[in-house]
Amino acid sequence: MSGLDAVPTRPFGAVGTAMVTPLTEDASALDLEAAQRLAVHLVEQGNDLLVLGGTTGESPTVGDAEKLEVLRAVREAVGTRARIVAGAGSNDTRHSIELARASAELDIDGIMVVTPYYSKPSQDGILAHTRAVADATDLPVMLYDIPGRAGVGLSTDTLLRLAEHERIVAVKDAKGDLQQATLVMAQSELAFYCGEDALNLAWLAIGAAGIVSVVGHAASPLEAALVAAVDAGDLRRAREISAQLAPLVDAIMMRMPGVVAAKTALMLQGVLAHAAVRLPLVPPNPDEVQALAAALGAASGIPPLTRES
């Protein structure tokens, strides 16, 4: 089935969260027990997909050995209750291949390959890089198209050519080009996953397979309900849920780096003991925390925290 079917094919499930990487309070080491608790919490909240080792997982400052430790710990914690996709992309093809192969040894379900960043390669360079990583393991591959960070996006022709590869099956899109995606879904079997929370409803409405969310850390039940409403053809209910999520999307995605907001939200909800991040990321200021707490309350129906609390 193509992305134009009523309920699209979902190679990696439907409700995903790009999971943060819990650290010790001084951010010097991983907190693997917290990572396991968080992964179980997310699955129990409605996620059937966890993406680890992406930007929200602080991939620039979490080393390869640490990434593999997190993969191993999370798989142990959630078993087969959720698919696990490991970020293995970088702007160094050899590095990406090595990380993909090491990740594939840990009983995961897929590899995510981001468009090579900073180098701004040509589309032919992107094709060669991505095919090389896809050829490195037997796992299915999710492309990650995010030109705002990478500096270059995937063209329509590149997406269609990559779709010809037997293991390249999905795209996490943070580009927001709905017209391009509609064309690609009509001409290929690529499954699209929304990678920008503000556009979840729009993407689902045009046939996206699901979402890979940052806001899902704090609101997975609502996001699962959104996907279910679209699947059922209940656009009115989907709009209601999207409107309920909108203030939280704004607070998490528009006011500070997503990983900072996600960890802070988890701390406010009592899921994480603290919200430590590694430099160059820094914690939110008190006003940002207050705004996030208010948005969490509005989304869940819980009265917002006061500054004193």
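Given the structure is predicted, the values throughout are model-derived calculations rather than measurements.

**Regarding the overall build of the protein**
Right, on to step 1. Scanning the protein from N- to C-terminus turns up 12 helices and eight strands.
Right, on to step 2. Here the protein has a C-alpha radius of gyration of 18 Å; the compact-globule value for 309 residues is 19 Å, and the two agree.
Right, on to step 3. If one aligns the C-alpha atoms of the protein with their principal axes, the spans along those axes are about 55 × 45 × 35 Å.
Right, on to step 4. Here the protein holds 309 residues, and the buried ones make up 51% of them.
Right, on to step 5. Here the contacts in the protein between residues at least 6 apart in sequence split such that 71% fall between residues at least 24 apart.

**Brief notes about the packing of helix α3 (residues 93–104) against helix α4 (residues 123–135)**
Right, on to step 1. Viewed as axis vectors pointing N to C, α3 and α4 meet at an angle of 20 degrees, and their least axial separation amounts to 9 Å. Relative to α4, the element α3 lies roughly parallel. Of the two elements, α3 crosses α4, and the hand of that crossing is right-handed. Together, Thr93, Ser96, Ile97 and Ala100 of α3 and His129, Ala132 and Val133 of α4 make up the contact between the two elements.

**A short note on the pattern of salt bridges**
Right, on to step 1. Evaluation of the coordinates by the stated rule reveals 13 salt bridges.
Right, on to step 2. Linking arginine 167 and glutamate 166 is a salt bridge whose minimum nitrogen-to-oxygen distance equals 3.1 Å.
Right, on to step 3. Accessibility expressed as a relative area gives 15% for arginine 167, which makes it buried.
Right, on to step 4. In this structure, the salt-bridge partner of arginine 255 is aspartate 250, at a minimum N-O distance of 3.0 Å.
Right, on to step 5. The exposure class of arginine 255 is partly exposed, given its relative accessible area of 46%.
Right, on to step 6. One salt-bridge network, held together by shared partners, links Arg75, Asp107 and Asp109.

**A look at the UniProt feature "binding site: pyruvate" (unreviewed entry) in the protein**
Right, on to step 1. This chain's UniProt record puts "binding site: pyruvate" (unreviewed entry) on Thr56 and Val212. Sequence-wise these annotated residues cover 157 residues; spatially they are packed, their C-alpha atoms never more than 10.9 Å apart. Annotated residues from the preceding list that form part of the lining of the largest pocket: these are Thr56 and Val212.
Right, on to step 2. Threonine 56 gets classed as buried once you look at its relative accessible area, which sits at 13%.
Right, on to step 3. Look past the residues within four positions of threonine 56 in its chain and what remains in contact with it is Ala18, Met19, Val20, Thr21, Val214, His217 and Val259.
Right, on to step 4. Here valine 212 is to be found in strand β8 (residues 210–213).
Right, on to step 5. Given a relative accessible area of 2%, valine 212 falls into the buried group.
Right, on to step 6. Setting aside residues up to four positions removed in sequence, valine 212 forms contacts with Gly16, Thr17, Ala18, Leu49, Val51, Met142, Lys172, Tyr193, Cys194 and Gly195.

**Brief notes about empty space enclosed by the protein**
Right, on to step 1. All chains considered together, the criterion is met by three cavities of 30 Å³ or more.
Right, on to step 2. Roughly 80 Å³ of internal volume is contained in the largest cavity.
Right, on to step 3. Thr21, Leu52, Gly53, Gly57, Val62, Lys67, Val70, Leu71, Ala86, Gly87, Leu99 and Ser103 are the residues that line the largest cavity.
Right, on to step 4. For the lining of the largest cavity, the secondary-structure elements that each account for two or more residues are α2 (64–78), β3 (83–87) and α3.
Right, on to step 5. Counting residues per element, the lining of the largest cavity draws most heavily on α2, which supplies three residues.
Right, on to step 6. By residue class, the composition of the lining of the largest cavity is six nonpolar, five polar and one charged.

Rules used throughout
Residues numbered from 1 in each chain as written. Predicted model: local features only at pLDDT ≥ 70, side-chain atom pairs only at ≥ 80, totals over all residues. Heavy atoms only, no water. Helix = DSSP H or I, 4+ residues; strand = E, 2+ residues; numbered from the N terminus. Rg over C-alpha atoms; globule rule 2.2 N^0.38 Å. Buried < 20%, exposed > 50% of the residue type's maximum accessible area, 1.4 Å probe, protein only. Contact = heavy atoms within 4.5 Å. Axes fitted to C-alpha atoms, helices over the stretch in contact; angles between N-to-C directions. Parallel < 35°, antiparallel > 145°, perpendicular 65-115°, else oblique. Left-handed = near helix turned anticlockwise from the far one by under 90°. Salt bridge = Lys/Arg side-chain N within 4 Å of Asp/Glu carboxyl O. UniProt positions renumbered as here; feature names shortened; annotations may be inferred. 1 Å grid on protein atoms, 1.4 Å probe; cavity = no way out; pocket = protein on both sides within 12 Å on 5 of 7 lines; lining within 4 Å. Points joined across faces, edges and corners; volume = space filled by probe spheres on them. Nonpolar A, V, L, I, M, F, W, Y, C, P; charged D, E, K, R; others polar.

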